[in-house]
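Each chain, letter by letter, is given below.
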Amino acid sequence: MATSRVLVTGGAGFLGSHLCDLLVKEGKYVICLDNFYTGTKSNIEHLVDLPNFEFLEHDIINSIDIEVNEIYNLACPASPVHYQKDAIYTWKTSVFGMYNMLELAKKNNARILQASTSEIYGDPEVHPQEESYWGNVNPIGIRSCYDEGKRAAETLCFDYARQHGTDIRVVRIFNTYGPRMMIDDGRVVSNFIKQALVNEDITLYGGGSQTRSFCYVSDLIQGFFSFMESENAGSGPYNLGNPNEMTVKELAHEVLNLIVNSKSKLVDLDLPMDDPKQRKPNISAIASALGWEPKVKLKDGLRLTIESIAERLHIKL
Ligand code: NAD
Ligand code: UDP
């Protein structure tokens, strides 16, 4: 059988670059597409000389015509700081980008996976969140460009499946962390680690009583791949994440316990508008469909993330 040609949009980003690593290792021919909006060349520099890897600089809000068998659509700024910087561009990336990738999938008869998000549940009133929950989303707030953009993208996927028989797969990703996270993109794990490493105040928004559930990147990427390769798991949507829920304050303490020499203190800042108060995935659907469940413990994942951030900041641990 010919080698499968796999397009990864957002392939130079945090999750995308880890996905490219796995696909290259699995013997796929990987076309990594990115416009470096938030991704970096350094995330993929170890791959560029491999015979089964190529890089394509492109913005998915514009259409593209290439030969592919599979598409993983990850292109979209993911941290609140970055997706709010140019909200209209974020929405265009989610919606026009999704449309362009679905058109490409239709033309090539390719399978397409959409990287959706737990944000489609908004500030959830159902806890833990299961896939049947329709969410509680503010359509006009500062997070809406991302939340509603991703909701519209899911709609487009299912409309293409119904109208054109497109082979779609949708995953809803819950907070994921690991090496190669951008140090300054404002997400909580990278913020706390950087702050602890350089002895700055640890910024707890709204006192840190809100909860999140943090998944290590290798677990998540394995879930993407298993779902994409499966023939019997349907289209989803499936939650992908680690149900190990904790408050943001507890996360701060976990980080400080691992960076023992840190002199950082916790400080309270305002909670941003529409910041979800609780979040935890119910993963029983994907567990029974694919036997997938996260394996990496928070302490182990945090250690590897701390090493990656310390190295980039030239700090000796
Ligand atoms: P990231 O910002 O590191 O990666 C996004 C990548 O997409 C970057 O390389 C960026 O340059 C690229 N990109 C953005 N707009 C583009 C455009 N218009 N055309 C081409 N490339 C573009 O973020 P990430 O954490 O790796 O997230 C990847 C995907 O997973 C995103 O779609 C995000 O919404 C989704 N997701 C991530 C998380 C998480 O916790 N990391 C949670 C939920 C959903
Ligand atoms: N957060 C925080 N301090 C920070 C960065 C984030 O307390 O320096 C909080 C943020 O308000 C949110 C949680 O941590 O409640 C997770 O934030 P992140 O931006 O990582 O992801 P998301 O809000 O998209 O889940």
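Residues numbered from 1 in each chain as written. Chains lettered and ligands numbered in written order. Predicted model: local features only at pLDDT ≥ 70, side-chain atom pairs only at ≥ 80, totals over all residues. Heavy atoms only, no water.

### Notes on helix H7 (residues 248–258)
Rule in force here: Each residue is assigned to one of three classes by its accessible area relative to the maximum for its type, calculated with a 1.4 Å probe on protein chains only: buried under 20%, partly exposed between the two thresholds, exposed over 50%. Under the DSSP-based scheme used, a helix requires at least four consecutive residues in state H or I and a strand at least two consecutive residues in state E, with every element numbered from the N terminus. To obtain the arc, one takes the directions from the helix axis to the C-beta atoms. Contacts are residue-level and defined by heavy atoms, with any inter-residue pair within 4.5 Å sufficient.
Among the residues of H7, Val248, Leu251, Ala252, Val255 and Leu256 are the ones counted as buried. Buried residues of H7, viewed axially, fall in a sector of 135 degrees; they line one side. Those residues of H7 hidden inside the fold are in contact with helix H5 (188–197), strand E8 (202–205), strand E12 (245–247), strand E13 (266–269) and helix H9 (298–312).

### Examining the site of ligand 2
Put simply, the rule reads: Throughout, the term near means that a residue has one or more heavy atoms lying within 4 Å of the molecule or strand in question. Under the rule applied, a polar contact is a pair of N or O atoms within 3.5 Å (in protein, one hydrogen donor and one hydrogen acceptor; residues adjacent in sequence only if both atoms are side-chain atoms). All accessible areas in this document rest on Shrake-Rupley with a 1.4 Å probe, and a residue is counted as covered only by the protein chains that are shown.
Among the 18 residues in the neighbourhood of ligand 2, the closest are listed as Asn191, Thr203, Arg212, Asp275 and Arg279. Taking Val188, its main chain carries an N or O atom lying 2.8 Å from an oxygen atom of ligand 2. The separation between an oxygen atom of ligand 2 and a polar side-chain atom of Gln210 is 2.9 Å. For ligand 2, the protein covers 95% of the area, taking 520 Å² as the surface of the free molecule.

### A short note on the pairing of strand E4 (residues 70–73)
To keep things clear, this is the line we draw: Strands pair, by our definition, only if DSSP identifies at least two bridges between them.
Here E4 shows a buried face lined by Glu70 and Tyr72 and a second buried face lined by Ile71 and Asn73. Here strand E1 (residues 5–9) runs beside E4; their pairing, made up of four bridges, is parallel. Looking across to E4, one finds that Val8 is bridged to Tyr72. Sheet topology places E4 next to strand E5 (residues 111–117); four bridges connect them, and they run parallel. In the strand pairing of E5, Asn73 is matched with Gln114.

### Some words on the packing of aromatic side chains
So the rule is basically this: Under the pairing criterion, centres of Phe, Tyr and Trp rings, with the six-membered ring standing for Trp, must be within 6.5 Å; the plane angle then separates stacked pairs below 30 degrees from edge-to-face pairs above 60, leaving the rest tilted.
Enumeration over the complete set of coordinates arrives at nine aromatic pairs. Between the aromatic rings of Tyr37 and Tyr89, the centroid separation amounts to 4.8 Å while the plane-to-plane angle is 50 degrees, which identifies the pairing as tilted. Of this pair, Tyr37 sits in the loop between strand E2 (29–34) and strand E3 (53–57) while Tyr89 is found in helix H3 (residues 87–108), placing the two residues 52 residues apart along the sequence. By relative accessible area, Tyr37 is classed as partly exposed at 27%. Note on Tyr89: relative accessible area 14%, which makes it buried. Ring geometry for Phe227 and Tyr238: centres 5.0 Å apart, planes at 80 degrees, overall edge-to-face. A residue pair is termed long-range when its members are at least 10 positions apart, and Phe227 in helix H6 (residues 217–229) and Tyr238 in strand E11 (residues 238–240) qualify at 11 residues. Judged by its relative accessible area of 0%, Phe227 falls in the buried class. Accessibility expressed as a relative area gives 10% for Tyr238, which makes it buried. In textbook terms, an aromatic cluster arises when at least three aromatic residues are bridged by ring pairs, as seen for Tyr121, Tyr133 and Phe174.

### Quick look at the site of ligand 1
Around ligand 1, a shell composed of 30 residues is seen, among which Leu15, Asp34, Thr38, Tyr146 and Lys150 lie nearest. A distance of 2.9 Å separates an oxygen atom of ligand 1 from a polar atom in the backbone of Phe14. Measuring from an oxygen atom of ligand 1, one finds a backbone N or O atom of Leu15 at 2.8 Å. Elements with a minimum of two residues in the shell around ligand 1: helix H1 (14–25), H3, E5 and helix H4 (144–164). With three residues, the single largest contributor to the shell around ligand 1 is E5.

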